[in-house]
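# Commentary on secondary and tertiary structure
Here is what each chain is made of, one letter per residue.
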Amino acid sequence: MKIALVQPNGRFAYSICPEPPLGLAYLASSLLAYDNDLDIEIIDGFILEREEYVKRISELRADIIGVTATMPLLGEALKIPGMVKEKNALFIIGGPGVMNLPSTRLYEGGYSIVCYGEGERTIVDLIRAQKKDLPLEEVRGISFISKGNEVRTPPREFIKNLDEIPFPSRHLLDMNKYTDSWEKNMGVAFSPMVTSRGCQFSCRFCSKDIFGNKIRYRSPDNIIEEMRLLYDEYKIEMIFFEDDLFTLNKKRVLDFCTVMERELPGKKWGAMSRVDTVDFETISRMKRAGCVELAFGVESGSQAILDLLRKGITPEQIIRTFKQADEIGLVSGMFLIVGIPGETQEDIDMTKRLIAESKPKWVNIAYLTPIPGTEIYEMTKDLIRDDVDFCDFNDSFGGVFKEGVFEVGPRERMKELMGFYLEEFKGRIDPRLSIYDGSMMED
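The model shown is predicted, which means the values in this text are computed figures rather than measured ones.

Turning our attention to the sheet that holds strand β8 (residues 190-193). The strand order β8-β11-β12-β13-β14-β15 describes an open sheet built from six strands, whose pairing is parallel. The outermost strands of the open sheet, each flanked by one partner alone, are β8 and β15 (362-367). Pairs of neighbouring strands in the sheet enclose a mean axial angle of 20°, with direction left out of account. Where strand β14 (residues 331-338) meets β15, six bridges bridge the pair, whose relative direction is parallel.

If you want it as structure tokens, here you go:
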């Protein structure tokens, strides 16, 4: 059986430094663990020029074509079944983009099966059902059309022991393309990893439909084994843990640092964090164990905005943590959000003061996107433009709210904040590391 797994083509700010599609590589490794004779191909649209991508998709010959999509990629994903010349394939779609959007659009786009939640066990059960001609009703966590009606099976339980999931099948990817891009543009051979799933915090803008709000961990030994593979086989120089939150459990972090110092001394890594989950002891220990970078979801310097988003942190905590990281010698990065209904010039000025005092080594600014199914969507849905189509929407390049909602438009706010940051720290930071609306990079 031939299976093609596809990440749609998209133009994003990150495209100069694409990352391997770990989600698809995890699906592939789970399938190969089930049946090593399966013929699996991964097509990553992020590393293909448009012409090559269209050619690869149109010429696909596979029994099953599985597509993953975040919300910004959903519009492109909906085009894929129509692009494939061979019409006998079974089209399956999953990923964060499908969780709270009308499934009718997906069926109309040519998909036969929609997968919800974690995909590793679902995809194996689907392939087993196809090979053995078993009823789809027995596969949990999917929807499909049967006799003119949609059937949605019971949700699948989360995978409790993440160590049971095989490492991503990176051998199916052209890893040199990723590492070469990072070395060329950022000066380091970089690769992401994931060491946990889930997040217990309740930020109003965040969707946790895939991994849930209960955090599950891989063991330190399991993490180290995969890191060793990346350092040795793929010559990776820097690994970044892209968990929703790596630093929630202090004991786990310190235990990991102990194993890291013993097994992989001197190797570089970084992680996602929150300012209220680390202290000086923790980040000092992380630094000794090879950590060189932490990225924090800060969002705003205004307490009113932080409270609106239900971040559960204060500007004082943010400043203190960034100062500690700077004292220790860690690169600390800051994620910010603009385009929040009710945002004023005073809120933006507070964020500028926060940036000036925190001295981040990079900032990443994004628009607030009220993802359907989130609390912020319910709070702001009456302010969303009538022409916004979340099934064909790219949140990297525009806000979704109506004219008149803001004193100053989100695009201008984004330019204002990034301009302030780059001028304030001119000559002291690497501007390549800071990202905002990709279409503006050419302005």
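That shown, we press on.
By size, the foremost hydrophobic cluster in this structure holds 126 residues, and its most contacted members are I65, I93, M227, F241 and W269. For this core, the element with the most residues is helix α1 (residues 22-34), which contributes six residues.

Now for helix α9 (residues 250-263). The terminal C-alpha atoms of α9 lie 20 Å apart, and with 14 residues this matches the ideal 20 Å at 1.5 Å per residue to within 8%. Here α9 has its buried residues at R252, V253, L254, F256, C257, V259 and M260. Buried positions along α9 lie against β9 (196-197), β10 (216-217), α8 (220-233), β11 (238-241), β12 (268-273) and α10 (280-288). By the N-cap criterion, in which a side-chain oxygen at the helix start approaches the backbone nitrogen of a residue two or three places on, α9 is capped by N249, the distance to K251 being 3.1 Å.

Take the packing of helix α13 (residues 345-358) against helix α15 (residues 410-424) next. Between α13 and α15, the least distance of the axes is 10 Å, while the angle of their chain directions is 25°. The angle between the axes of α13 and α15 places the two elements in the roughly parallel class. Between α13 and α15 the crossing geometry is right-handed. Touching Q345, I348, T351, K352, I355 and A356 of α13 are R413, E416, L417, F420, Y421 and E424, all from α15. Residue classes in the contact of α13 with α15 are distributed as six nonpolar, two polar and four charged.

On to the pattern of salt bridges. This model, assessed by the stated rule, comprises 31 salt bridges. Here E120 and R197 are joined by a salt bridge, their closest N and O atoms 2.7 Å apart. Of this pair, E120 sits in helix α6 (residues 120-132) while R197 sits in strand β9, placing them 77 residues apart in sequence. Here the two residues E120 and R197 agree in accessibility, since each one is buried. Residues R204 and E375 are paired through a salt bridge, measuring 2.9 Å at the closest nitrogen-oxygen approach. Of this pair, R204 sits in the loop between β9 and β10 while E375 sits in helix α14 (residues 375-380), and the two are 171 residues apart along the sequence. The class for E375 is partly exposed, based on a relative accessible area of 33%. In the salt-bridge network here, residues are joined through shared partners; they are E118, E120, R197 and R216.

Tracing the chain through its elements places T321 in helix α12 (residues 315-328). A residue is classified by how much of its surface remains accessible, and T321, at 2% relative accessible area, is buried. Apart from residues lying up to four places away in sequence, T321 is in contact with V275, V278 and F296.

About the cut-offs
Residues numbered from 1 in each chain as written. Predicted model: local features only at pLDDT ≥ 70, side-chain atom pairs only at ≥ 80, totals over all residues. Heavy atoms only, no water. Pairing = 2+ DSSP bridges. Helix = DSSP H or I, 4+ residues; strand = E, 2+ residues; numbered from the N terminus. Axes fitted to C-alpha atoms, helices over the stretch in contact; angles between N-to-C directions. Core = buried A, V, L, I, M, F, W, Y, C linked by side-chain atoms within 4.5 Å. Buried < 20%, exposed > 50% of the residue type's maximum accessible area, 1.4 Å probe, protein only. Expected span 1.5 Å × (residues − 1). Contact = heavy atoms within 4.5 Å. Polar contact = N/O pair within 3.5 Å; in protein donor to acceptor, adjacent residues only side chain to side chain. Parallel < 35°, antiparallel > 145°, perpendicular 65-115°, else oblique. Left-handed = near helix turned anticlockwise from the far one by under 90°. Nonpolar A, V, L, I, M, F, W, Y, C, P; charged D, E, K, R; others polar. Salt bridge = Lys/Arg side-chain N within 4 Å of Asp/Glu carboxyl O.

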